[in-house]
Amino acid sequence: MRTRRPARHPVPALAALLLAGALALTGCSGAGDDSGGSSSADRGAAAPQSDAKAGANEAAPGGAGSGARATAPRKLPTSHIIRTASLTVQVKDVPKALDQARTGTENAGGYVGNETTTRDAEGHERTRVVLRVPVEKYDEVLTELEGAGKLLDRSAKAEDVTDQVVDVESRIKSQRASVARIRELMDQATKLSDVVTLEGELSTRQADLEALLARQESLKDRTSLATITLSLSETPVKKKEAKDDDPGFVDALAGGWNAFVTMLRWLAVALGAVLPFAAVAALLALLWLRVVRPRRPRPAPAMSALGPLPTARQAPQSPPARTPDESDEQD
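Residues numbered from 1 in each chain as written. Predicted model: local features only at pLDDT ≥ 70, side-chain atom pairs only at ≥ 80, totals over all residues. Heavy atoms only, no water.

K.L.:
For this particular structure, what's the right way to read the overall build of the protein chain?
P.N.:
Each helix and strand in the protein chain was counted, giving eight helices and five strands. For the protein chain, the sequential pattern of α-helices and β-strands runs α-α-β-α-β-β-α-β-α-α-β-α-α. Residues classed as buried in the protein chain amount to 17% of the 331 residues present. Within the protein chain, residue pairs in contact and separated by at least 24 positions form 76% of the contacts whose partners lie at least 6 positions apart. Counting every atom, the protein chain has about 26,900 Å² of accessible surface; 58% of that belongs to carbon and sulfur. (Helix = DSSP H or I, 4+ residues; strand = E, 2+ residues; numbered from the N terminus. Buried < 20%, exposed > 50% of the residue type's maximum accessible area, 1.4 Å probe, protein only. Contact = heavy atoms within 4.5 Å. Areas by Shrake-Rupley, 256 points an atom, 1.4 Å probe, with all protein chains shown as cover.)

Next comes the structure, spelled out in structure tokens:
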């Protein structure tokens with residue numbers, strides 16, 4: 001007789017499978033946590049070293065760490081500016097103030113340009129001098145000159161010529177390259193005509209290059225040295241009073257008289273210009289009437305080929321009619 005085996009319930013088997021899956025997941029997560037912990041531990045260990053290196057770089061001047069952390073200043077393009085100023089200063093002693101201005105300019109690294117000195121009727125001196133000073137010392141010298149006396153007038157101007165400087169530099173590079181190419185062609189030329197043509201072209205381009213170099217030098221001088229025109233006087237400069245712009249009757253009368261005189265002057269000029277031609281024309285007319293015309297032969301009367309033309313006979317005249325009185329008298 002066969003004995004029946006008890007039926008297995010699926011619940012324990014399912015529970016065993018779930019337990020095995022949970023254990024597997026737990027192991028994976030543990031491994032992940034171990035790896036994450038090890039990496040975080042490594043990062044934690046490396047952090048002090050990096051901090052130490054950063055500190056060392058910050059301590060060292062010009063280190064890489066300082067450049068990475070500190071924001072480097074942005075390099076601005078170089079600007080080229082022409083600075084000019086004009087000053088009028090009233091001083092007690094013009095020669096002394098002029099010597100001080102010269103000394104200050106020379107100490108700043110500049111030089112004195114044109115100088116003009118005049119003296120009025122009362123014996124007061126007035127001097128006008130042009131000073132060239134480096135741009136770096138421009139403000140300092142200008143302030144020193146203003147404090148030499150009483151400032152009467154001041155004007156300053158700044159002109160940016162950066163575009164011109166850059167353009168001239170670029171054109172100089174291109175022109176130099178062009179000159180170099182022409183010289184290479186001259187070295188390779190074999191015909192005399194080619195050599196002559198290339199020499200003319202080289203001369204033209206070399207002249208253009210020299211002109212560009214001269215302009216570049218001028219711009220460099222004007223941008224590196226500022227120009228200050230200083231006027232020194234012992235007496236205040238009298239400014240012209242502004243006149244009333246509204247014209248009156250006297251102004252109108254004076255204007256009309258001036259216009260009338262101007263018109264007469266122009267008429268006299270025109271008459272003087274025409275008078276020689278009129279005199280020559282009158283002299284020629286007089287010679288024609290008095291000398292040339294009387295001597296000219298008079299033309300003879302025209303004669304026909306058949307002789308003189310016959311004159312027409314006059315018709316006979318009839319006797320006048322008698323009146324009754326005349327007839328009676330005759331009877």
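K.L.:
Please clarify how the sheet that holds strand 1 (residues 81-90) should be interpreted in this entry.
P.N.:
Pairing between the strands of a sheet comes from backbone hydrogen bonds, and it takes one of two forms, parallel or antiparallel. Read across the sheet, five strands follow the order 2-3-5-1-4 without closing on themselves; strand pairing throughout is mixed. The sheet is open, and its two borders are formed by strand 2 (111-119) and strand 4 (150-160), each paired with just one other strand. Adjacent strand axes in the sheet meet at a mean angle of 10 degrees, parallel and antiparallel pairs treated alike. Along the sheet, helix 4 (residues 138-146) contacts strand 1, strand 3 (125-134), strand 4 and strand 5 (225-233); its crossing angle with strand 1, the most-contacted strand, is approximately 10 degrees. In the packing of helix 6 (residues 192-224) onto the sheet, the strands contacted are strand 1, strand 3, strand 4 and strand 5, and the crossing angle to strand 5 comes to about 55 degrees. (Pairing = 2+ DSSP bridges. Axes fitted to C-alpha atoms, helices over the stretch in contact; angles between N-to-C directions.)

K.L.:
Is there a simple way to think about the layout of surface pockets in this case?
P.N.:
If a probe as big as a water molecule is rolled over the atoms, it shows which places are left empty. The calculated volume of the largest pocket comes to roughly 180 Å³. Looking at the largest pocket, the residues that line it are Ser79, His80, Ile81, Arg83, Val135, Val165, Glu169, Gln216, Leu219, Lys220, Thr223 and Ser224. Residue assignment for the lining of the largest pocket shows that the elements contributing at least two residues are strand 1, helix 5 (162-188) and helix 6. Per element, the largest residue contribution to the lining of the largest pocket is five residues, and it comes from helix 6. Across the lining of the largest pocket, the residue classes break down as four nonpolar, five polar and three charged. (1 Å grid on protein atoms, 1.4 Å probe; cavity = no way out; pocket = protein on both sides within 12 Å on 5 of 7 lines; lining within 4 Å. Points joined across faces, edges and corners; volume = space filled by probe spheres on them. Nonpolar A, V, L, I, M, F, W, Y, C, P; charged D, E, K, R; others polar.)

K.L.:
Got a minute to help me understand the packing of helix 5 against helix 6 in this structure?
P.N.:
The geometry of helix 5 relative to helix 6 is characterised by a closest axis approach of 9 Å and an angle of 155 degrees between their N-to-C directions. Here helix 6 runs roughly antiparallel to helix 5, going by the angle between their axes. Between helix 5 and helix 6 lies a crossing of left-handed hand. (Parallel < 35°, antiparallel > 145°, perpendicular 65-115°, else oblique. Left-handed = near helix turned anticlockwise from the far one by under 90°.)

K.L.:
What exactly am I supposed to notice about the pattern of salt bridges here?
P.N.:
When their charged atoms lie close together, side chains carrying opposite charge are able to pair. Per the counting criterion, the structure on display carries eight salt bridges. Salt-bridge contacts for Glu140 lead to Lys137; the nearest nitrogen and oxygen are separated by 3.8 Å. Residue Glu201 is joined to Arg205 by a salt bridge in which the shortest nitrogen-to-oxygen separation is 2.9 Å. Note that Glu201 and Arg205 are positioned in helix 6 at a spacing of four residues, about one turn of the helix. Overall, Arg205 belongs to the partly exposed group, its relative accessible area being 23%. Salt bridges linked by common partners bring Asp99, Arg102 and Glu115 together as one network. (Salt bridge = Lys/Arg side-chain N within 4 Å of Asp/Glu carboxyl O.)

K.L.:
Would you mind going over the nonpolar core with me for this structure?
P.N.:
Side chains of nonpolar character tend, in soluble globular proteins, to be buried together. Counting residues in hydrophobic clusters, the biggest one holds 20 residues, and the most contacted among them are Leu87, Leu131, Leu145, Ile228, Leu230 and Leu232. Listing elements by their share of this core, those giving two or more residues are strand 1, helix 3 (94-107), strand 3, helix 4 and strand 5. Ignoring anything within four residues of it in the chain, the contact list for Leu131 reads Ala101, Thr105, Tyr111, Val112, Leu145, Ala226, Thr227, Ile228 and Leu230. (Core = buried A, V, L, I, M, F, W, Y, C linked by side-chain atoms within 4.5 Å.)

K.L.:
Sorry if this is basic, but what is going on with the side chain of Thr162 here?
P.N.:
Mapped onto the elements of the fold, Thr162 is located in helix 5. Those residues in contact with Thr162 that lie beyond four places of it in its chain are Thr78, Ser79 and His80.

K.L.:
Got a minute to help me understand the environment of Arg132 in this structure?
P.N.:
The residue Arg132 is located in strand 3 in this model. Arg132 gets classed as buried once you look at its relative accessible area, which sits at 11%. Sequence separation between Arg132 and Gly110 is 22 residues, and the spatial gap between their C-alpha atoms is 5.3 Å. With residues near it in sequence (within four places) discarded, Arg132 still touches Thr105, Gly110, Tyr111, Asp221, Arg222, Leu225, Ala226 and Thr227. Among the polar contacts made by the side chain of Arg132, one reaches the side chain of Thr227 at a distance of 3.1 Å. (Polar contact = N/O pair within 3.5 Å; in protein donor to acceptor, adjacent residues only side chain to side chain.)

K.L.:
How should the packing of aromatic side chains be read in this particular structure?
P.N.:
Two measures describe an aromatic ring pair: the distance that separates the ring centres and the angle between the ring planes. Enumeration over the complete set of coordinates arrives at one aromatic pair. A ring pair is formed by Trp257 and Phe260, whose centres lie 5.9 Å apart and whose planes are at 40 degrees; its orientation type is tilted. Taken together, the residues Trp257 and Phe260, both in helix 7 (residues 249-295) and three residues apart, mark about one turn of the helix. Residue Phe260 is classed as partly exposed on the basis of its relative accessible area of 38%. (Phe/Tyr/Trp six-rings, centres within 6.5 Å; stacked < 30°, edge-to-face > 60°.)

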